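Overview (structure and organization)
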Amino acid sequence: MKNVRRPTYSFLILVIGLIIINTLLAWFSIFISHIASPSLPTGIAVISIAAAFMVIFTLWFGMYGAIAAYIGGFFGAGLFFGMPPTGVVYLSFADLWMVLIPLVAFRIFDVNVGIESRRDLFHLVLFGVIINNVVAATWGSLSLAIGGVIAWNQVMAAFLPWFVGNAITTIIIVPLVLHRYTDRVSRSKIFVKMYWY
């Protein structure tokens, strides 16, 4: 009988650690972006290191990484920048969609997380750089408008730096980190092959 790993306290510790990392990366990304471009609306980063690592963590740790992406974005990109909690609740779904899209695509299309072939890289670029970031930037920009953080006529001005910033950092960081470190991470007890275990 095959021994299936079930979630344990180590996954709880993992989620807490990832939430802290994602929160700090989201906060840092937005802080640096607002120094570089002070006219950016609250919650938008043009240099989003957080986006890249949220995708990496979710591909390695499944839904635990996705939960951490949502909560990390909630604090790091929202509450710490003075957004009202009600607005942050739906704004943070941008981070969730950003990581769930590549996670589901990688599992459905049986993509090697270690990016060992052109096929793997194609799926990463399509689902982990383009589609997910279009959805996240659209959701996030519309959420900012719905929440009254930006005017409706600023939605496109918010979408563009959001998408470009996420796409550039994910295309540079994600394939390199996944290719270099997935083999090591996949041998650990906390690596998630599907969604929860």
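Before any of the text, the structure's been laid out above.
Here we summarise the structure given alongside this text.

Enumeration according to the criterion identifies 13 aromatic pairs in this entry. With a centroid separation of 6.1 Å and 70° between ring planes, the pair formed by Trp-60 and Phe-61 is classed as edge-to-face. According to the relative accessible area criterion, Trp-60 is buried, its value standing at 7%. Phe-61 gets classed as buried once you look at its relative accessible area, which sits at 7%. Members of the aromatic cluster, connected to one another through ring pairs, are Phe-53, Phe-57, Trp-60 and Phe-61. Across from the ring centre of Tyr-181, 5.6 Å away, lies the NZ or CZ of Arg-180, which sits over that ring.

Take the environment of Ile-49 next. Among the secondary structure elements, Ile-49 is positioned in helix 2 (residues 49–61). Between the alpha carbons of Ile-49 and Gly-165 there is a distance of 8.8 Å; along the sequence they are 116 residues apart. Leave out the neighbours within four places in its chain, and Ile-49 touches Leu-25, Phe-28, Ser-29 and Thr-169.

This part covers the environment of Gln-154. When you line up the elements, Gln-154 lands in the loop between helix 6 (118–146) and helix 7 (155–186). Remark: the alpha-carbon pair of Gln-154 and Leu-144, spanning 10 residues in sequence, is separated by 9.5 Å.

Summed over the entire model, instances satisfying the criterion amount to 2 salt bridges. The partner of Asp-120 in a salt bridge is Arg-119, and the shortest N-O contact between them spans 3.8 Å. The class for Asp-120 is buried, based on a relative accessible area of 4%. For the salt bridge of Asp-183 with Arg-187, the shortest nitrogen-to-oxygen distance reads 3.1 Å. In terms of burial, Asp-183 and Arg-187 fall into one category: exposed.

If you look at the biggest cluster of nonpolar residues, it comprises 62 residues, and the most contacted ones within it are Ile-56, Trp-60, Trp-162 and Leu-178. Sorting the residues of this core by element identifies helix 1 (9–36), helix 2, helix 3 (63–78), helix 4 (85–91), helix 5 (93–108), helix 6 and helix 7 as the ones contributing at least two each. The contacts of Leu-178, once residues within four sequence positions are left out, are Ile-56, Leu-59, Trp-60, Val-113, Gly-114, Ile-115 and Leu-124.

Before going further, it helps to spend a moment on the packing of helix 2 against helix 3. The geometry of helix 2 relative to helix 3 is characterised by a closest axis approach of 6 Å and an angle of 150° between their N-to-C directions. Of the possible angle classes, the one that applies to helix 2 and helix 3 is roughly antiparallel. Across the interface between the two elements, Met-54, Phe-57, Thr-58 and Phe-61 of helix 2 pack against Met-63, Tyr-64, Gly-65, Ala-66, Ala-69 and Gly-73 of helix 3. Residue classes in the contact of helix 2 with helix 3 are distributed as 7 nonpolar, 3 polar and no charged.

What follows concerns helix 3. Look at helix 3: 21 Å from first C-alpha to last across 16 residues, which is about the 22 Å you get at 1.5 Å a residue. Burial within helix 3 is extensive, with 13 of its 16 residues counted as buried.

Below, the discussion takes up unusual backbone geometry. Of note in the backbone geometry, Asp-110 takes a positive phi value of approximately 50° without being a glycine. The phi angle at Ile-115 is positive, at roughly 50°, despite the residue not being glycine.

Quick look at the side chain of Ser-33 now. Structurally, Ser-33 is set in helix 1. Among the residues examined, Ser-33 registers a relative accessible area of 0% and is labelled buried. Ignoring sequence-local partners within four residues, the contact set of Ser-33 consists of Leu-40, Ile-44, Ala-45, Val-46 and Ile-47.

Conventions and cut-offs
Residues numbered from 1 in each chain as written. Predicted model: local features only at pLDDT ≥ 70, side-chain atom pairs only at ≥ 80, totals over all residues. Heavy atoms only, no water. Phe/Tyr/Trp six-rings, centres within 6.5 Å; stacked < 30°, edge-to-face > 60°. Buried < 20%, exposed > 50% of the residue type's maximum accessible area, 1.4 Å probe, protein only. Lys NZ or Arg CZ within 6 Å of the ring centre and 35° of its normal. Helix = DSSP H or I, 4+ residues; strand = E, 2+ residues; numbered from the N terminus. Contact = heavy atoms within 4.5 Å. Salt bridge = Lys/Arg side-chain N within 4 Å of Asp/Glu carboxyl O. Core = buried A, V, L, I, M, F, W, Y, C linked by side-chain atoms within 4.5 Å. Axes fitted to C-alpha atoms, helices over the stretch in contact; angles between N-to-C directions. Parallel < 35°, antiparallel > 145°, perpendicular 65-115°, else oblique. Nonpolar A, V, L, I, M, F, W, Y, C, P; charged D, E, K, R; others polar. Expected span 1.5 Å × (residues − 1).

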